[in-house]
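Here are the chains, one letter per residue:
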Amino acid sequence: MTNYQNQWDELADIKDELSGRDWFFGTSGNLSIRVGDHPISFLVTASGKDKRKRTNEDFLLVDGSGIPLEETPLKPSAETLLHSSLYSKTNAGCCLHVHTVENNVISEVFGDQGKIVFKQQELIKAFGKWEEDATLEIPIIHNYAHIPTLAEEFTKHVQGDQGAVLIRNHGITAWGRNGFEAKKVLEACEFLFRYELVLYQTRALLNSNNSSYRVSV
């Protein structure tokens, strides 16, 4: 592990932090971090592991196609192909995929539109959008069971070295030029999703109360 100890430790620290937020229900989610560029190699979470625990079998090193580069009984995450596509198309250095209640609900509410758009929200600055009237659009794609098809659809919406894509009723995949940036993008998205849901619920409650008041008067 001497050649990629730093990347291993960085990804393990990110996993610990996200685990502390309870974002890895039922061993769900997958994480990766780039190790090499020419040829591409990266560490990715091992399939079926409890991500709330920190062990020496949390990750394995794979090549640009997601094939293990070292002899190991571990299997890479079932969605490793999405990470492979991302690293081959961009200079991203880290990719994080988590399942939360908020991102699943948002993906279903806006799924038919194929995207959710945020504007006049402070946290879109995490995406480098500093203009006063800036907007942030997060694509929502179908949750194909066939991973190569899912990866192909995902890659269509990868437009730069940082970004995010929602998979309908599945989760969010966020990435950045390094671990810090990928985590920042993920955190900003989760805040925006939660805000949108709370705002929707608050408006519905206010409308309901106003209707009741008008009827009683």
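Keep in mind it's a predicted model, so treat the numbers as computed, not measured. (Residues numbered from 1 in each chain as written. Predicted model: local features only at pLDDT ≥ 70, side-chain atom pairs only at ≥ 80, totals over all residues. Heavy atoms only, no water.)

### Focus: the packing of helix α2 (residues 80–89) against helix α4 (residues 147–156)
Consideration 1: Taken N-terminus to C-terminus, the directions of α2 and α4 make an angle of 35°; their axes are 9 Å apart at the nearest point. When you trace α2 past α4, the crossing you get is right-handed. Judged by residue contacts, Leu 81, Leu 82, Ser 85, Leu 86 and Lys 89 of α2 engage Ile 147, Pro 148, Leu 150, Ala 151, Phe 154 and Thr 155 from α4.
Consideration 2: For the contact of α2 with α4, the residue count by class is 8 nonpolar, 2 polar and 1 charged. (Axes fitted to C-alpha atoms, helices over the stretch in contact; angles between N-to-C directions. Helix = DSSP H or I, 4+ residues; strand = E, 2+ residues; numbered from the N terminus. Left-handed = near helix turned anticlockwise from the far one by under 90°. Contact = heavy atoms within 4.5 Å. Nonpolar A, V, L, I, M, F, W, Y, C, P; charged D, E, K, R; others polar.)

### Brief notes about the side chain of Thr 100
Consideration 1: Looking at the secondary structure, you find Thr 100 in the loop between β4 (94–98) and α3 (101–109).
Consideration 2: Each residue touching Thr 100, except ones within four places of it in the same chain, is listed here: Trp 23 and Glu 190.

### Focus on the environment of Glu 190
Consideration 1: Tracing the backbone through its elements, the reader meets Glu 190 in helix α5 (residues 179–216).
Consideration 2: C-alpha separation for the pair Glu 190 and Val 101, spaced 89 residues apart in sequence, amounts to 9.9 Å.
Consideration 3: In this structure Glu 190 touches Trp 23, Val 98, Thr 100, Glu 102, Asn 103 and Ile 172, once residues within four positions along its chain are discounted.

### A short note on α3
Consideration 1: Every buried residue of α3 is listed here: Asn 103, Asn 104, Ile 106 and Ser 107. Buried residues of α3, seen end-on, are gathered within an arc of 165° and therefore sit on one face of the element. Structural note: α3 exposes Val 101 and Val 109 on the side pointing more than 90 degrees away from its buried face. (Buried < 20%, exposed > 50% of the residue type's maximum accessible area, 1.4 Å probe, protein only. Arc of directions from axis to C-beta.)

### Description of the nonpolar core
Consideration 1: Of all hydrophobic cores here, the largest spans 39 residues; its most connected members are Leu 18 and Phe 193.
Consideration 2: Take this core: its biggest share by element is 8 residues, from α5.
Consideration 3: With 20 residues, the next largest nonpolar core counts Val 44, Leu 74, Val 158 and Val 165 among its residues. (Core = buried A, V, L, I, M, F, W, Y, C linked by side-chain atoms within 4.5 Å.)

### Concerning the pairing of strand β7 (residues 163–167)
Consideration 1: Of all 5 residues that make up β7, 5 are buried, and the element is covered over most of its length.
Consideration 2: Residue alternation in β7 divides its side chains into two sets, Gly 163, Val 165 and Ile 167 and Ala 164 and Leu 166, and both sets are buried.
Consideration 3: The pairing of strand β6 (residues 135–141) with β7 spans 2 bridges and is parallel. Across the sheet, Ile 140 pairs through a bridge with Leu 166, a residue of β7.
Consideration 4: Direction of pairing for β7 relative to strand β8 (residues 171–176): antiparallel, over a ladder of 5 bridges. Residue Val 165 lies in a different strand from β8, and its bridge partner there is Thr 173.
Consideration 5: As consecutive antiparallel partners, β7 and β8 are separated by 3 residues, and within that stretch Asn 169 has a phi angle of approximately 50°, a positive value. (Pairing = 2+ DSSP bridges.)

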